[in-house]
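# Coordinate inspection notes
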Amino acid sequence: MHQLWPIIGLITGVIVVNGISTRIRVPAPILLIVVGFAVSFIPGVPSFQVDPEVVLSILLPPLLYFAGVQSSLIAFRRLLRPILQLAVAAVIVTTLAVGFVVHWLVPSIPFAVALALGAVVSPPDAVAAIAIAKKVRLPSGIVNTLEGESLFNDATSLVMVKVATVAITAGSFDVGSAVFEFARASILGIIVGCALGFALSYARRMLSNSLATTSLSLIAPFFAYLIGESVEASGVLAVVITGLIVGFTSANTVSAEVRLVERSTFSALQYVLEGGVFALIGLQLWGIVTSVDTGVGTAITTVVAALVVVLVIRPVWIFFSYLITSAFDREGLPPRNVLAVVSWAGMRGVVSLAAAQTLPLSTPSRDLILLATMGVILGTLTLQGLSLPWFARKMNIAQTKPEDGEEEIRRARIAAASQTTGLVDRECSRLRVPDKARPMLTKWIALRHAETLQDTENAHLWLKYTDVFNHVRRDIIAGEREVYRKLRNSGELSEEGFSQLEGDLDLEEAILNRKHSQRGHRSVLSMISAIEPDPRMPTELPGESTQ
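What you see is a predicted model; the values in this text were computed from it and never measured.

What follows is about the overall build of the protein chain. When helices and strands are tallied, the protein chain shows 21 helices and 0 strands. Here the protein chain holds 547 residues, and the buried ones make up 45% of them. Sequence separation of 24 or more characterises 81% of the internal contacts of the protein chain that already satisfy a separation of 6 or more. For the protein chain, the accessible surface area stands at approximately 28400 Å², while carbon and sulfur atoms represent 64% of it.

Structural data, given as structure tokens:
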């Protein structure tokens, strides 16, 4: 039982540090590593030596799967070229560059081993890049590109690690076999992911229970990873493709209730796992440093060389690709300041550390590879992660503002209102709704879409009505909940019945609270005063006319 305490302590620390990072406005990944490193010196704190298979087969699959489910397959199709240039080509170029430079500077490290180091440190971390990019409020195009890159670059990196491991075992590097191994693992990973994605979508459509469907989603990433690895494919790529397909088809395969449960479940899981992986880096840092038995000069040279190459090769490759692409097609190319910001968003993370730890124990200079990997992780998180907000401002990248998101949502609601208003008459005719009942539907639609009115003054007046109306609805919901609770406590209502009724009320209240928070908090008195006579207040609902 005492073995649970380290896990409980780790999760508790993640929650506390994430809360502190929000208050002091320091990126959570960086603060988690620092705190984890400091905590590792406290007497009594256990030594966290994480099995790399735990990271690759347990921690990573759900994070990549949920990221795939949340991502847009359509957006990735539009950004296919830059994503492939970053997630595949850039990873391969970085692997080769680090391998050549490290082997040249430190000849005692065999080229195959230096290549393994390059493969390990080549992929930017999905968690760190997206967390910091969203915190900086970079434009959605940049965030989508980084998300697409981070979904696929881990697969490319891990395949390259396998290729380097084979070369270390064989004692030489065979280009032909390396290309074949890379192509085979990638193609098989895509095939496995597509097959599992469509099979899972069909199974989700057949299941009618939200808990059963969510449980299936919880085991899906692990199942996809294990199936992929068992056929010697890229398990990570299989997970990503499965998530993308499930996310793309979820609108038509599962109910709204299922999506709500899944979103809440995976959000909590993502919150814990993302923080946990960075805390584990900090907790393992000192143990990795003390395990190195090579000379100090060799260690410093290796770490600095790998870090400098990683920092330099990404912008060089991105702008080189830009020049090559612009020679053939200038349409649709991003501005250079956007490219500069993307080139600087290359923070490394836990996948690199896990990949380094998968190298066989017989690998020459294995401890040095682990140290260099840790140096690259800390260096990129510190240099790039902390300076990214400043760099984005220097590059004149307009940060997205909350108002921009609100305006985007308002435009979408206007479009929906224009379409759904016409559906009332058609549905009433189709279902033969009595004429006396039609005005009720018309008024409900009018109040529901009052905030989308183009007329600013009328929209403001109607929002007074809807604010008061929603406030009263919240009070009614609280009253109903109290009645149900009393009936449950008296034995007149079963626990199952109470749970169902309370769930319905919670869902309705959550929607009201969301709308209330989007418009800003207003005092109850100011809302109640809105019902006093106002000569400007229209006496008819939008779209309603007095006969």
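It is worth spelling out the packing of helix α13 (residues 296-328) against helix α14 (residues 336-344) at this point. Each pair of packed helices can be summarised by the angle the axes make with each other and by the distance between the axes. Between α13 and α14, whose axes approach to 9 Å, the crossing angle comes to 150 degrees. Here α13 is positioned roughly antiparallel relative to α14, judged by the angle of their axes. Our pair here, α13 against α14, has a crossing hand that is right-handed. Residues Arg-314, Pro-315, Ile-318, Phe-319 and Tyr-322 of α13 form the contact with α14, whose own contacting residues are Arg-336, Leu-339, Ala-340, Val-342 and Ser-343. Of the residues contributing to the contact of α13 with α14, the split by class is 7 nonpolar, 1 polar and 2 charged.

It is worth spelling out a nonpolar patch on the surface at this point. The grouping of Leu-4, Trp-5, Ile-7, Ile-8, Ile-11, Ile-15 and Tyr-271 at the surface amounts to a nonpolar patch, some 700 Å² of accessible area in total. Sorting elements by how many residues they give to the nonpolar patch places helix α1 (residues 4-24) first, with 6 residues. By secondary structure assignment, the location of Leu-4 is in helix α1.

On to the pattern of salt bridges. With the rule as written, the count across this model stands at 4 salt bridges. Of the charged contacts in the structure, one is a salt bridge between Glu-232 and Arg-184, with a shortest N-O distance of 3.7 Å. Of this pair, Glu-232 sits in the loop between α10 (210-230) and α11 (235-253) while Arg-184 sits in helix α9 (residues 175-206), and the two are 48 residues apart along the sequence. A salt bridge links Glu-482 to Arg-485, with the nearest nitrogen and oxygen atoms 3.2 Å apart. One end of the pair is Glu-482 and the other is Arg-485, both in helix α19 (residues 456-489) and 3 residues apart, which spans about a single turn. Classification of Arg-485 as partly exposed rests on a relative accessible area of 26%.

Our next topic: the nonpolar core. One finds Val-98, Leu-117, Phe-152 and Ile-281 to be the most contacted residues of the largest nonpolar core, which totals 110 residues. Contacts of Val-98, omitting those with residues within four sequence positions, involve Ala-114, Leu-117, Gly-118, Val-121, Ala-306, Val-309 and Val-310.

Right, let's talk about the packing of aromatic side chains for a bit. Inspection of the entire model under this criterion finds 7 aromatic pairs. Residues Phe-100 and Phe-111 carry aromatic rings whose centres are separated by 5.0 Å and whose planes lie at 40 degrees to one another, so their mutual orientation is tilted. Note that Phe-100 is positioned in helix α5 (residues 80-105) and Phe-111 in helix α6 (residues 111-121), a separation of 11 residues in sequence. On the accessibility criterion, Phe-100 (52% relative accessible area) is exposed. Geometrically, the ring pair formed by Trp-344 and Phe-391 is tilted, given 6.1 Å between the ring centres and 50 degrees between the ring planes. Here the residue Trp-344 occupies a position in helix α14, and Phe-391 occupies one in helix α16 (residues 366-394), the gap between them amounting to 47 residues. On the basis of relative accessibility, which here comes to 23%, the residue Trp-344 falls in the partly exposed class. Among the aromatic side chains, those forming a connected cluster through ring pairs are Phe-37, Phe-41 and Trp-286.

All right, on to the side chain of Arg-204 then. One can find Arg-204 in helix α9. For Arg-204, a relative accessible area of 1% translates into the label buried. One polar contact links Arg-204 to Glu-262, side chain to side chain, over a distance of 2.5 Å. If we skip the residues at most four places from it in the chain, Arg-204 touches Thr-213, Leu-216, Ser-217, Val-246, Ser-250, Thr-253, Val-254 and Glu-262.

On average, residues of the protein chain score 77 in pLDDT, and 79% of them reach the 70 mark or higher. When mean pLDDT is taken per element in the protein chain, α6 scores highest with 90 and helix α21 (residues 524-528) scores lowest with 45. Across residues 521-539, confidence stays below pLDDT 50; counting only partners more than four residues off in sequence or on other chains, it has 24 contacts. Below a pLDDT of 50 lies the segment residues 541-547, which in the model reaches 10 contacts outside its immediate sequence neighbourhood of four places, other chains included.

For Ala-116, the location among the structural elements is in helix α6. A sequence separation of 46 residues divides Ala-116 from Lys-162, and the C-alpha atoms of the two residues are 8.5 Å apart. Excluding residues that lie within four positions of it along the chain, Ala-116 makes contacts with Ala-164, Ile-168 and Leu-359.

An ideal rise of 1.5 Å per residue puts 42 Å on 29 residues; α16 measures up with 40 Å between its terminal C-alpha atoms. In α16, a bend of some 55 degrees at Leu-388 exceeds every other bend along the element, and Pro-389, a proline, comes one to four places later. For α16, the tally of buried residues reaches 21 of 29 residues, placing the bulk of the element in the interior.

Topologically, Thr-213 is positioned in helix α10. A residue is classified by how much of its surface remains accessible, and Thr-213, at 0% relative accessible area, is buried. The spacing of Thr-213 and Arg-259 is 46 residues in sequence and 9.5 Å in space, taken between C-alpha atoms. Sequence-distant contacts of Thr-213, defined by excluding residues within four places in its chain, comprise Arg-204, Leu-207, Val-254, Val-258 and Glu-262.

This part is about the side chain of Thr-94. Within the fold, Thr-94 resides in helix α5. Assessed through its relative accessible area of 4%, Thr-94 is described here as buried. Side-chain polar atoms of Thr-94 contact the backbone oxygen of Ala-90, separated by 2.7 Å. Residues contacting Thr-94, with those up to four places away along its chain left out, are Ser-122, Val-310, Ile-313 and Arg-348.

About the cut-offs
Residues numbered from 1 in each chain as written. Predicted model: local features only at pLDDT ≥ 70, side-chain atom pairs only at ≥ 80, totals over all residues. Heavy atoms only, no water. Helix = DSSP H or I, 4+ residues; strand = E, 2+ residues; numbered from the N terminus. Buried < 20%, exposed > 50% of the residue type's maximum accessible area, 1.4 Å probe, protein only. Contact = heavy atoms within 4.5 Å. Areas by Shrake-Rupley, 256 points an atom, 1.4 Å probe, with all protein chains shown as cover. Axes fitted to C-alpha atoms, helices over the stretch in contact; angles between N-to-C directions. Parallel < 35°, antiparallel > 145°, perpendicular 65-115°, else oblique. Left-handed = near helix turned anticlockwise from the far one by under 90°. Nonpolar A, V, L, I, M, F, W, Y, C, P; charged D, E, K, R; others polar. Patch = residues over 30% accessible without salt bridge, like charges linked within 9 Å, V, L, I, M, F, W, Y side chains within 5 Å. Salt bridge = Lys/Arg side-chain N within 4 Å of Asp/Glu carboxyl O. Core = buried A, V, L, I, M, F, W, Y, C linked by side-chain atoms within 4.5 Å. Phe/Tyr/Trp six-rings, centres within 6.5 Å; stacked < 30°, edge-to-face > 60°. Polar contact = N/O pair within 3.5 Å; in protein donor to acceptor, adjacent residues only side chain to side chain. pLDDT = per-residue confidence, 0-100. Expected span 1.5 Å × (residues − 1). Bend = angle between axes of the 7 residues up to and from the residue.

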